[in-house]
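Fold and geometry: a report
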Amino acid sequence: MRFTPTKIAGVFHIELEPHRDERGFFARAYCTEEFAQAGIDFVSTQINLSRNTAQHTLRGMHYQDAPYAEAKVIRSVRGAIYDVAVDLRPDSATYLQWTAQRLSAERGDAMFIPEGCAHGFLTLEAETDVLYQMGRPYVPGQARGLRYDDPAIAIAWPASPAVIGAQDLAWPLLQVARSSQKPSSL
Ligand SMILES: Cc1cn([C@H]2C[C@H](O)[C@@H](COP(=O)(O)OP(=O)(O)O[C@H]3O[C@H](C)C(=O)[C@H](O)[C@H]3O)O2)c(=O)[nH]c1=O
């Protein structure tokens, strides 16, 4: 696997290194040792799958507060997504900044999202499936979120969402103080 750092510390784009032959290809999609060599201490404890019927379905922006913060590996296993991470670590140089990457089943690439970041995506094709490798098992009631269109973050989405859940529309907007300290709603 090839790990490419992004402008958000700890967020990586991960590309396959396929072994090709007449049958197609074979590639390693996850390995704790290779992750550790890239400086990522991540063990996948739960794998989730979402099916997204319509093009321009938006899920996010999701995060969980400590001690339930989640790291995750995101991969589109059918179709393609515009995947976004937002830095929510007040001490980070990129606090409230975001990074995005197109992920597709065709390329088999993925994103690693560390604890302390919010995550969301917009599907770029109909019938897109997304696989989530989670760094901790699910705990009901711990999901938190930001609005995908929060002007304090200003994510540049490639299109407006055609389908978005009521909860994702109901997350609070950040009230970022002028001193750019931690927003009151986090
Ligand atoms: C993860 C999980 C969820 N659920 C239930 C909870 C909800 O009633 C329903 C949907 O789960 P969630 O609200 O987490 O689904 P999304 O809002 O699409 O969030 C997902 O997509 C965004 C972009 C992410 O980054 C999240 O990590 C990922 O969970 O399934 C369970 O019952 N068990 C589980 O393990």
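Residues numbered from 1 in each chain as written. Predicted model: local features only at pLDDT ≥ 70, side-chain atom pairs only at ≥ 80, totals over all residues. Heavy atoms only, no water.

Focus: the packing of aromatic side chains
Operational definition: To pair, rings of Phe, Tyr and Trp, with the six-membered ring standing in for Trp, must have centres within 6.5 Å; the planes then decide the type, stacked if under 30 degrees apart, edge-to-face if over 60, and tilted in the middle. What counts as a helix is a DSSP run of H or I of at least four residues, what counts as a strand is a run of E of at least two, and both are numbered from the N terminus. Only protein chains enter the accessibility calculation, which uses a 1.4 Å probe; a residue whose area is less than 20% of its type maximum is buried, one above 50% is exposed, and one in between is partly exposed.
Going through the model one piece at a time under the given rule, you end up with ten aromatic pairs. Aromatic pair F3 and F35: ring centres 5.1 Å apart, planes at 85 degrees, arrangement edge-to-face. Of this pair, F3 sits in strand β1 (residues 2-5) while F35 sits in helix α1 (residues 32-37), and the two are 32 residues apart along the sequence. Residue classification places F3 among the buried residues on the basis of a relative accessible area of 19%.

Some details on the site of the ligand
Heads up, the rule is: A molecule or strand has a residue near it when one of that residue's heavy atoms lies within 4 Å. Polar contacts here mean pairs of N or O atoms no more than 3.5 Å apart (in protein, one a potential hydrogen donor and the other a potential acceptor; neighbouring residues in sequence count only if both atoms are side-chain atoms). Note on areas: Shrake-Rupley, 1.4 Å probe, and residue coverage restricted to the protein chains presented here. Both cavities and pockets are sets of points on a 1 Å grid over the protein atoms alone; in a cavity a 1.4 Å probe fits but cannot get out, in a pocket the set is open with protein on both sides within 12 Å along at least five of seven lines, and lining residues sit with an atom within 4 Å of a point. Cavities and pockets are treated as containing a molecule whenever more than half of the molecule's atoms lie within 2 Å of their grid points. In this count, Pro and Cys sit with the nonpolar residues alongside Ala, Val, Leu, Ile, Met, Phe, Trp and Tyr, while Asp, Glu, Lys and Arg are called charged and the others, Gly among them, polar.
Surveying the vicinity of the ligand reveals the residues Q46, N48, R59, H62, K72, H119, F121, Y132, M134 and Y138. With respect to the ligand, the side chain of H62 contributes an N or O atom lying 3.2 Å from an oxygen atom. Within the contact set of the ligand, an oxygen atom lies 2.9 Å away from a side-chain nitrogen or oxygen of H119. In isolation the ligand exposes 660 Å². Once the protein is present, 59% of that is buried. According to the grid-proximity analysis, the pocket containing the ligand is the largest pocket. Of all the secondary structure elements, the ones that give two or more residues to the shell around the ligand are β5 (46-52), β6 (57-63), β11 (117-123) and β12 (128-134). For the shell around the ligand, the class distribution of residues is four nonpolar, four polar and two charged.

Concerning the pattern of salt bridges
Basically, it comes down to this: Any Lys or Arg side-chain nitrogen located within 4 Å of an Asp or Glu carboxyl oxygen qualifies as a salt bridge.
Scanning all chains against the criterion turns up twelve salt bridges. Note that R23 is salt-bridged to D21, the shortest N-O span being 2.5 Å. Taking the shortest distance from any N to any O, the salt bridge between D109 and R107 comes out at 3.6 Å. Overall, R107 belongs to the partly exposed group, its relative accessible area being 42%. Residues participating in the shared-partner salt-bridge network are R2, E15, R107 and D109.

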